[in-house]
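# Fold and contact review
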Amino acid sequence: MRKRLVIGNWKMNGSLAANQVLLSDLVNGLTKTSNCLVAVCPSFPYLAQVQSCLQNSVVSWGAQDISIAESGAYTGEVSANMLKDFACRWVIVGHSERRTYHGERSEVVAQKALRAVEHGITPVVCVGESLANREAGQTLAVIEEQLAPVLALDSSVVSQIVVAYEPVWAIGTGLTATPAQAQEVHAFIRTQLATVGAADVQILYGGSVKADNAANLFTMPDIDGALVGGAALNAKEFLAIIAA
Ligand code: PEP
């Protein structure tokens with residue numbers, strides 16, 4: 001039975017003061033008995049604050065990126081060991097904003113996923129098609145291509161990842177894939193994972209998930225939770241998604 005998982009991607013948002021309020025509202029609003037794993041991924045500078053606020057709570061935390069390199073002359077990069085210093089359990093890799101603005105290719109994303117697993121951090125590997133891809137009927141082909149370098153890793157590595165299906169046209173736009181559209185892609189991703197014996201990997205949906213659309217998405221058999229952007233910055237909204 002795959003455990004439900006909801007992860008908040010704060011992107012480049014937050015401040016010490018705002019995070020403090022958001023984190024305490026989140027912790028106070030959650031019950032220990034929730035059947036859902038919950039995590040937040042702040043920007044790097046706030047990992048220490050998030051660790052200190054959440055260390056005795058049911059909420060775990062992670063980062064939004066990781067370096068392929070172990071250490072050394074890589075200005076601006078953050079290594080797996082550094083993330084381990086702040087007890088990160090998760091790291092998002094291959095988010096569409098990194099693919100688009102930083103030219104991250106799927107091969108690099110796979111190497112990042114591998115580095116994370118090697119250090120005991122669970123990578124949340126993001127894949128998703130653009131609107132042009134979808135309109136050209138290329139959705140599944142694009143997902144297959146993005147996943148291929150990850151699936152080429154050792155199957156023991158693949159079984160330790162999480163996949164997030166995030167259609168680019170739904171991220172931050174207010175447009176959400178319908179449950180049926182999302183399920184079609186999730187089922188395809190699960191079939192792909194099954195080819196390397198990793199069918200039990202959790203597959204999250206991401207793209208304008210809100211309190212009012214989460215429940216319907218979560219009824220789909222292959223949607224195991226959500227990667228939430230904008231709505232994760234509002235404790236009430238994020239808690240409602242977790243409750244769904
Ligand atoms: C995201 O950036 O991972 C995301 C899903 O954003 P939003 O929920 O704002 O669409």
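From a predicted model like this one, the values you see are computed outputs, not experimental measurements.

### Observations concerning the environment of Asp-222
Tracing the backbone shows Asp-222 in the loop between helix 10 (211–218) and strand 8 (225–228). Asp-222 gets classed as buried once you count the C-beta atoms within 10 Å, which come to 20. Taking the C-alpha atoms as reference points, Asp-222 and Gln-202, 20 residues apart in sequence, are found 8.4 Å from one another. Once residues within four sequence positions are removed from consideration, Asp-222 is found in contact with Gln-183, His-186, Ala-187, Arg-190 and Ile-203.

### Points about unusual backbone geometry
One non-glycine residue, Lys-11, lies in positive phi territory at about 50°. Tracing the backbone shows Lys-11 in the loop between strand 1 (4–9) and helix 1 (16–29). Residue classification places Lys-11 among the partly exposed residues on the basis of 19 C-beta atoms within 10 Å. Phi is positive for Ala-87, close to 55°, though the residue is something other than glycine. By the element assignment, Ala-87 lies in the loop between helix 3 (80–85) and strand 4 (90–93). Residue classification places Ala-87 among the partly exposed residues on the basis of 15 C-beta atoms within 10 Å.

### Observations regarding the UniProt feature "active site" (unreviewed entry) in the protein chain
The UniProt record marks His-95 and Glu-166 with the feature "active site" (unreviewed entry), using the residue numbering of this structure. On the basis of their most widely separated C-alpha atoms, the annotated residues across 72 residues gather in one place, lying no more than 8.3 Å apart. Inspection of the secondary structure puts His-95 in the loop between strand 4 and helix 4 (96–101). When near neighbours in sequence (up to four residues on either side) are disregarded, His-95 contacts Gln-64 and Cys-126. Its place among the elements puts Glu-166 in the loop between strand 6 (162–165) and helix 9 (179–194). Here Glu-166 falls in the buried class, since 27 other C-beta atoms lie within 10 Å of it. Setting aside chain neighbours within four positions, we find Glu-166 in contact with Ser-96, Cys-126, Gly-128, Ile-171, Gly-206, Gly-207 and Leu-227.

### Digging into the packing of helix 7 (residues 139–151) against helix 9
Taken N-terminus to C-terminus, the directions of helix 7 and helix 9 make an angle of 35°; their axes are 11 Å apart at the nearest point. The two elements helix 7 and helix 9 cross, and the hand of that crossing is right-handed. For the pair formed by helix 7 and helix 9, the contact residues are Thr-139, Leu-140, Ile-143, Glu-144, Leu-147 and Leu-151 on the first element and Val-185, Phe-188, Ile-189 and Gln-192 on the second. A per-class count over the contact of helix 7 with helix 9 returns 7 nonpolar, 2 polar and 1 charged.

### Description of the UniProt feature "binding site: substrate" (unreviewed entry) in the protein chain
Look at the UniProt record and you will see "binding site: substrate" (unreviewed entry) annotated at Asn-9, Trp-10, Lys-11, Gly-172, Ser-208, Gly-229 and Gly-230. Considering the C-alpha atoms alone, the annotated residues occupy 222 residues of sequence yet fold into one spot, their largest mutual distance being 13.7 Å. As for its placement among the helices and strands, Trp-10 is situated in the loop between strand 1 and helix 1. Under the C-beta neighbour-count criterion, Trp-10 is labelled buried, with 21 such atoms within 10 Å. Contact partners of Trp-10, with chain neighbours within four places excluded, come to Val-40, Cys-41, Pro-42, Ser-43, Ala-232 and Leu-233. The residue Gly-230 is located in the loop between strand 8 and helix 11 (235–243) in this model.

What counts as what
Along every chain, residues carry numbers that run from 1 in the direction the sequence is written. Only residues with pLDDT of at least 70 are given local features in this predicted model, and only at 80 or more are side-chain atom pairs given and counted; all residues enter the totals for whole chains, interfaces and linings. Only DSSP runs of H or I reaching four residues or more are called helices, and only runs of E reaching two or more are called strands; each is numbered from the N terminus. To assign burial, the other C-beta atoms lying within 10 Å of each residue's own C-beta are counted, with C-beta atoms placed from the backbone; 20 or more indicates buried, 12 or fewer indicates exposed, and intermediate counts indicate partly exposed. What counts as a contact is two residues whose backbone-derived C-beta atoms lie within 7 Å of each other. UniProt positions are given in the numbering used here, feature names are shortened, and annotations may be inferred rather than shown by experiment. In this analysis an axis means a line fitted to C-alpha atoms, helices contributing only their contacting stretch, and an angle means the value between N-to-C directions, from 0 to 180 degrees. Two helices cross in a left-handed way if the nearer one is turned anticlockwise from the farther one by less than a right angle. They cross in a right-handed way if the turn is clockwise. Three classes are used: nonpolar for Ala, Val, Leu, Ile, Met, Phe, Trp, Tyr, Cys and Pro, charged for Asp, Glu, Lys and Arg, and polar for all others, with Gly counted as polar.

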